[in-house]
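# Residue-level structural notes
Next come the chains, spelled out residue by residue.
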Number of protein chains: 2
Amino acid sequence: MKFSAVKGMRDVYPEDARLRNYILDAWRRVSLRNGFEEYDAPILEYLELFTVKSGPEIAEQLFGLTDRGGRNLAIRPEITPSLARMVAAKINALPRPIKWFSLPRLCRAERPQRGRLREFFQWNVDVIGVESVQADAECIFTLVDFLREVGLSPAEIMVRVGSRPIVLSLLRREGVCEEAMDKALLALDKRQKIPAEAFEAMLREIGVSAGAIAGLCEFLDTPPERIVQRIADSGLPGAEKEIADLQELESALAAMGVKEYIAFDLHIVRGLAYYTGVVYEAIAAGERAVAGGGRYDRLLELVGGPECPATGFGMGDVVLGLLLAEKGKLPPELTAGSLEFYVIDAEEGTFRQVLDITARLRAAGRSADYGFKRQGMGKQLKEADRRGSKFAVLVRREGLSVKTLATGEQTETTAETFLEKIR
Amino acid sequence: MKFSAVKGMRDVYPEDARLRNYILDAWRRVSLRNGFEEYDAPILEYLELFTVKSGPEIAEQLFGLTDRGGRNLAIRPEITPSLARMVAAKINALPRPIKWFSLPRLCRAERPQRGRLREFFQWNVDVIGVESVQADAECIFTLVDFLREVGLSPAEIMVRVGSRPIVLSLLRREGVCEEAMDKALLALDKRQKIPAEAFEAMLREIGVSAGAIAGLCEFLDTPPERIVQRIADSGLPGAEKEIADLQELESALAAMGVKEYIAFDLHIVRGLAYYTGVVYEAIAAGERAVAGGGRYDRLLELVGGPECPATGFGMGDVVLGLLLAEKGKLPPELTAGSLEFYVIDAEEGTFRQVLDITARLRAAGRSADYGFKRQGMGKQLKEADRRGSKFAVLVRREGLSVKTLATGEQTETTAETFLEKIR
C-alpha cells in the first residue's frame with residue numbers, strides 16, 4: 001500500500017468505532033446525570049498556553065506547527081489549559097459553580113506503547129469556583145459512578161486518594177528540604193512499583209536518615225481505613241485545613257455511598273507540580289492508572305486569569321478500553337452491527353416496494369436496510385443475518401412476512417398494516 | 001487576557017456544545033437508521049495523502065507540520081482520502097457493500113468568514129464497492145432523511161442533482177474543447193450567481209459561439225421535472241450509460257418518497273475534478289450550499305488501491321447551524337441545560353441525606369444535582385430553576401417533598417418511597 005496511518009495513530013474501523021462510542025457515550029451519560037455541562041475548545045492552541053503550565057520541555061512532546069503569521073501553535077496534549085483560558089475569559093459572566101466536562105481528542109508526540117497512543121480521547125470532569133472539598137467529592141463520586149456504570153467492581157479498580165499539602169508537610173517533618181522535595185515526591189510515587197531498598201536509596205540520596213525513612217514507611221503503610229484518622233492525630237504543622245478537608249472528604253464520600261471504591265493513600269502525589277490539594281488516581285490491578293486528578297487552585301492565574309479554585313480529573317480511552325476488554329466488560333453488541341429491519345424482495349418485481357418500505361421505516365425513526373444487488377432470497381437472508389438484523393421483511397407482490405431472525409418465527413401481514421404498526 | 005483561541009477557531013461553551021451535539025447526534029442517528037456504520041481516522045495524515053488527490057496547491061490551505069522523523073504531516077481538511085486509504089488497506093476483508101459514515105473534526109487554514117471557520121465538523125456518508133446508481137440514490141435519500149429530521153422543508157432547501165459526464169458531453173457537443181473544459185465548468189457553476197452577460201462572456205472567452213451559448217442556456221433552463229427526459233431524448237454521444245443512470249436515479253428517488261426535495265439541474269458540477277458521475281448539492285435559499293457530493297470512482301486508485309466504485313457526500317456543521325438558527329428549527333432545550341432533579345436541604349442538618357439521595361438518583365441513571373454551598377431554600381430553588389431542573393426534591397429530617405417546578409405542584413412522600421419509585 002502506498003499510504004498508511006501516521007505512526008502511533010489508529011485507523012478506527014467500524015468495530016473500533018463502536019467501542020469508542022460505547023466509552024464516549026458512557027462518559028457523556030454519566031457526566032450529564034451528575035449535573036456537568038459539556039464544553040470543548042479548538043484542537044489547536046498557541047504553544048505558550050501549554051508551556052506556561054508545564055514548562056518549555058513540554059514542547060518536545062507536542063505536535064507543534066507555525067501558522068502563516070509566524071505564531072507557534074500546537075495540537076492540544078490536554079484540555080485543562082484551554083478550560084482555564086475559557087473560564088478566565090468569561091469569569092464574571094459564568095454562573096457558579098462551573099461544573100463542566102469535555103471529551104476532547106488529544107495528541108502527544110511521545111513514543112507509542114501499550115495503552116499509550118499518539119492520538120486518544122480523554123474524559124475531563126472539572127468543578128471551578130468552589131473552594132469546598134465537597135467539589136472534590138463530587139468529581140470523585142462522578143468517577144466512581146462511571147466505574148459502576150461500565151461494571152468495574154472495587155475488586156477490579158480502586159480510587160486511591162492522597163493530599164499533596166499533607167504529604168509535603170509530612171516530608172518536611174521527616175527532614176526533607178524544599179530543594180529535594182520533587183525527588184522525594186518521585187520516590188513516593190514509585191514506592192509501590194519498586195523494591196523497598198530502591199525506595200530507601202532514593203530517600204537516603206537526598207539526605208533523609210534511616211530512622212526517618214523507617215518512620216515514614218510505617219506511617220505510609222497505615223491501612224486506608226485508618227490513615228485519615230492517623231493523619232488527623234499526628235497534627236502535621238501547617239496542614240490543619242488540609243487535614244480537616246480530608247476528613248470531610250472521607251465523610252462526604254461515605255454519605256454518597258462510594259466508600260467501597262475509595263482507599264486513602266499518601267503515595268498518590270501526581271507528577272504535575274500544579275496540584276495544590278487533594279489528588280487521586282483510579283488504579284486497576286497491576287498498578288495501572290486509568291484516571292487521575294485533583295485540586296489545582298493556581299491554574300487560572302497561570303493563564304492570566306484571576307485567583308480561582310478548581311478541581312477535576314481526566315481519564316483516557318485507550319487504557320480504559322484495554323481494561324474493559326480484558327475484564328470481559330464490553331457488551332456483546334459491540335462486536336456486530338445492529339439493524340432492526342432488513343427488507344428483501346421475496347418475489348421478482350417488488351424492488352420498488354422494498355425501497356418504499358425501507359424509506360418509510362427510516363422516516364419513522366427505525367433502522368432499516370436492503371441490498372443493492374438483486375439476489376435470491378437465501379443470499380439476502382444471509383446478508384440480513386450478517387448485519388445483525390433483528391427482523392427480515394419479505395416483500396411479495398401481495399402482502400409481506402416479518403421474520404424474527406433469532407427464532408425463525410414468521411408472521412404474515414400487509415405493507416399497510418405493518419407500517420401502521422411501526423408508526 | 002493573556003491567551004485567546006487561535007484565530008478562526010471557536011471556543012465551545014456549554015450552549016455551543018449543546019448545538020453541536022444536537023447536530024452530531026442527528027447526523028449519527030440518521031446514518032445508523034439508514035444502515036451506515038461509523039468509522040474514523042487519525043486527525044493527522046501524511047501530507048502526500050492530500051496532495052495526491054487535490055494537487056500540491058492544497059498544502060497552502062492546510063495546517064502542516066513536520067514530525068521528528070522529518071516527514072510532512074497535515075491536519076486533515078477532509079476525511080475522504082483517509083477513507084479511501086482505509087478501505088484500500090482492507091479491501092479484500094471488508095464485506096460489500098461498504099456503507100460507512102463519519103463525523104470528523106477537520107481543519108483548514110483558509111481565511112475565516114461567515115459560515116467558514118478554520119475548525120469544524122463534517123458529516124460524511126459514503127457507499128463503496130457499488131457501481132449501481134442505487135448507491136447514489138441511497139446517499140441522497142439519507143441526506144433528505146436528515147433534512148426532514150431537523151425540520152427543513154423543500155421550500156427551505158432542495159437537493160440539486162447533476163451529472164458530470166453528461167455535462168461534459170453536452171459542452172463538447174456545443175464546441176468546448178478539452179483544454180477549456182475546466183473554465184466552462186466554472187462558468188456553469190457560477191451561472192446562477194452572476195448576470196447573464198458575465199456568464200456569456202466567460203463562454204465566449206473560451207471560443208463558444210453566441211448560438212451555442214443560447215442553445216446551451218435554453219437546454220440548462222429546462223424545468224427540473226422535465227430535464228432528465230430531455231437529456232434522454234437529446235441522445236448525447238458517449239453518455240448513454242450516464243443517461244440511463246440518471247433516469248434510474250430519478251425513479252429510485254421517487255420510489256423512496258423524496259421527489260419533492262430533488263431538482264435535477266445541470267449547473268451542479270462540483271469543483272473537484274475527481275467526481276466521475278452523479279453530483280449533487282443541498283442548496284438553501286440564497287444559493288447557500290449546505291452539503292455536496294457525488295460519485296468518485298477513481299479515488300481508491302489514486303491512493304494506491306484497486307479500482308473500486310465509490311459515492312458519497314459531506315455536510316459541515318457551521319453553515320448548517322446558521323441555517324437551522326435562522327429558520328427557527330433549533331429545539332428550545334438547546335438554550336438551557338436540562339436536569340431532572342435538584343435536591344435541596346430544606347431543613348438544617350439534612351445535607352448528608354441530600355448527598356445520599358442525589359447519589360442514589362444518579363446511580364439509577366437519572367440526572368440529579370445539589371448545591372455545594374449551604375444556602376436558604378429560596379436561593380436553592382432559584383438555582384434549581386436556573387439549571388432548568390424539572391423537579392426540586394426538598395429534603396427534611398422526616399420525609400421529603402417533590403416539587404414540579406413548571407407548575408409548583410408539590411407531593412409529600414418519604415425518601416424510601418421516592419427512591420423505590422425511581423428504581
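Every value quoted in this text rests on a predicted model; they were computed, and no experiment measured them.

All right, on to the overall build of chain A then. For chain A, the helix and strand inventory stands at 15 helices and 17 strands. Radius of gyration (C-alpha) of chain A: 28 Å, far over the 22 Å computed for a compact globule of 423 residues. The C-alpha extent of chain A, read off along each of the three principal axes, is 90 × 55 × 50 Å. Expressed as a percentage of its 423 residues, the buried residues of chain A come to 46%. Restricting the contact set of chain A to residue pairs at least 6 apart, pairs at least 24 apart contribute 67%.

Let us look at the relation of the copies chain A and chain B. For the pair chain A and chain B, the best superposition has an RMSD of 0.0 Å and corresponds to a rotation of 180° with a translation of 0.0 Å parallel to the axis. The operation mapping one copy onto its partner corresponds to a two-fold rotation axis. Ranked by how close their C-alpha atoms come to the rotation axis, the residues of chain A are headed by Leu65 of chain A, at 2.6 Å. Comparing interface residues between copies, 100% of those in chain A also lie at the interface in chain B; the contact surface is shared.

Quick look at the interface of chain A and chain B now. Counting from both sides, the interface comprises 72 residues of chain A and, opposite them, 72 residues of chain B. Of the residues contributing to the side of chain A that touches chain B, the split by class is 41 nonpolar, 11 polar and 20 charged.

Residue and element names in this part refer to chain A. In terms of burial, strand E13 (residues 339-345) is largely enclosed, as six of its seven residues are buried. Alignment of E13 against strand E15 (residues 389-395), held across six bridges, turns out to be parallel. Note that in E15 the partner of Val343 across the bridge is Val393. Of the crossover connections in this fold, the one passing from E13 over helix H13 (residues 351-363) to the parallel strand E14 (residues 368-370) is right-handed.

Here chain A is partitioned into domain 1 (14-326) and domain 2 (337-422). Of note, the centres of domain 1 of chain A and domain 2 of chain A, computed from C-alpha atoms alone, are 51 Å apart.

A separate point is the sheet that holds strand E2 (residues 44-46) of chain A. Residues and elements named next belong to chain A. Strand order across the open sheet formed by three strands is E2-E4-E3, with antiparallel pairing between neighbours. Two strands close off the open sheet at either side, each with one partner strand: E2 and strand E3 (64-66). Across the sheet, the mean angle separating the axes of adjacent strands is 35° when strand polarity is ignored. Pairing between E3 and strand E4 (residues 72-75): three bridges, direction antiparallel. Bridge pairing in E4 places Leu65 opposite Leu73. Contacts between helix H2 (residues 47-54) and the sheet are confined to E2, E3 and E4, with E2 contributing the most and set at about 65° to the helix.

Quick look at the environment of Arg114 of chain B now. Within the secondary structure, Arg114 of chain B sits in the loop between strand E6 (105-107) and strand E7 (119-128). Spatially, the C-alpha atom of Arg114 of chain B lies 8.8 Å from that of Val318 of chain B, the residues being 204 residues apart in sequence.

All names here are of chain B. The contact between helix H9 (residues 224-234) and helix H10 (residues 240-255) brings their axes to 10 Å, and the two run at 155°. Relative to H10, H9 is oriented roughly antiparallel. The way H9 lies across H10 gives a crossing that is left-handed. Here Val228, Ile231 and Ala232 of H9 come into contact with H10, specifically with Ile243, Leu246, Gln247 and Glu250. The residue makeup of the contact of H9 with H10, split by class, is five nonpolar, one polar and one charged.

On to unusual backbone geometry, then. All names here are of chain A. In this structure, the amide linkage connecting Arg96 to the following residue, Pro97, adopts the cis form with an omega of -5°. Examined against the element boundaries, Pro97 turns out to sit in the loop between helix H3 (80-89) and strand E5 (98-102). Of note in this structure, Glu287 is not a glycine but carries a positive phi near 60°. Secondary-structure assignment places Glu287 in the loop between strand E10 (278-284) and strand E11 (288-295). On the neighbour-count criterion, Glu287 (9 C-beta atoms within 10 Å) is exposed.

All names here are of chain B. Among all positions of H9, only Ile227, Val228 and Ile231 are buried. End-on view of H9: buried residues confined to an arc of 95°, all on one side of the axis. Along H9, the residues that are exposed and aim more than 90 degrees away from the buried face are Glu225, Arg226, Arg230 and Asp233. Next to the buried residues of H9 lie helix H5 (164-173), H10 and strand E9 (262-264). With its phi angle positive at about 50°, Gly235 sits one or two positions after the end of H9.

As a further point, take the sheet that holds strand E15 (residues 389-395) of chain B. Residues and elements named next belong to chain B. Taking strand neighbours across the sheet as the criterion, the five strands line up as E14-E13-E15-E16-E17 in an open arrangement whose pairing is mixed. Bordering the open sheet on either side are strand E14 (368-370) and strand E17 (410-413), each of which pairs with just one other strand. The average angle at which neighbouring strand axes cross in this sheet is 25°, direction not considered. One ladder, built from three bridges, connects strand E13 (residues 339-345) with E14; its direction is parallel. Within E14, the residue paired with Val343 across the bridge is Tyr370. Along the sheet, helix H14 (residues 377-386) makes contact with E13 and E15, crossing E13 at roughly 170°.

A few words on the packing of helix H1 (residues 14-33) of chain B against helix H12 (residues 317-326) of chain B. All names here are of chain B. Interhelical geometry of H1 versus H12 gives an angle of 105° and a closest axis separation of 11 Å. Classified by the angle their axes make, H1 and H12 are roughly perpendicular. In contact with Leu19, Arg20 and Ile23 of H1, H12 contributes Asp317, Leu320 and Gly321. Partitioned by chemical class, the residues of the contact of H1 with H12 number three nonpolar, one polar and two charged.

The share of residues in chain A with pLDDT of 70 or more is 99%, and the mean pLDDT across the chain is 94. Both scores are available for the predicted complex, with the pTM at 0.95 and the ipTM at 0.94.

Thresholds applied
- Residues numbered from 1 in each chain as written.
- Chains lettered and ligands numbered in written order.
- Predicted model: local features only at pLDDT ≥ 70, side-chain atom pairs only at ≥ 80, totals over all residues.
- Helix = DSSP H or I, 4+ residues; strand = E, 2+ residues; numbered from the N terminus.
- Rg over C-alpha atoms; globule rule 2.2 N^0.38 Å.
- Buried ≥ 20, exposed ≤ 12 C-beta atoms within 10 Å, placed from the backbone.
- Contact = placed C-beta atoms within 7 Å.
- Least-squares fit on C-alpha atoms with pLDDT ≥ 70 in both.
- Nonpolar A, V, L, I, M, F, W, Y, C, P; charged D, E, K, R; others polar.
- Pairing = 2+ DSSP bridges.
- Right-handed = clockwise from strand over helix to strand, strands pointing away.
- Domains from an automatic or database assignment.
- Axes fitted to C-alpha atoms, helices over the stretch in contact; angles between N-to-C directions.
- Parallel < 35°, antiparallel > 145°, perpendicular 65-115°, else oblique.
- Left-handed = near helix turned anticlockwise from the far one by under 90°.
- Arc of directions from axis to C-beta.
- pLDDT = per-residue confidence, 0-100.

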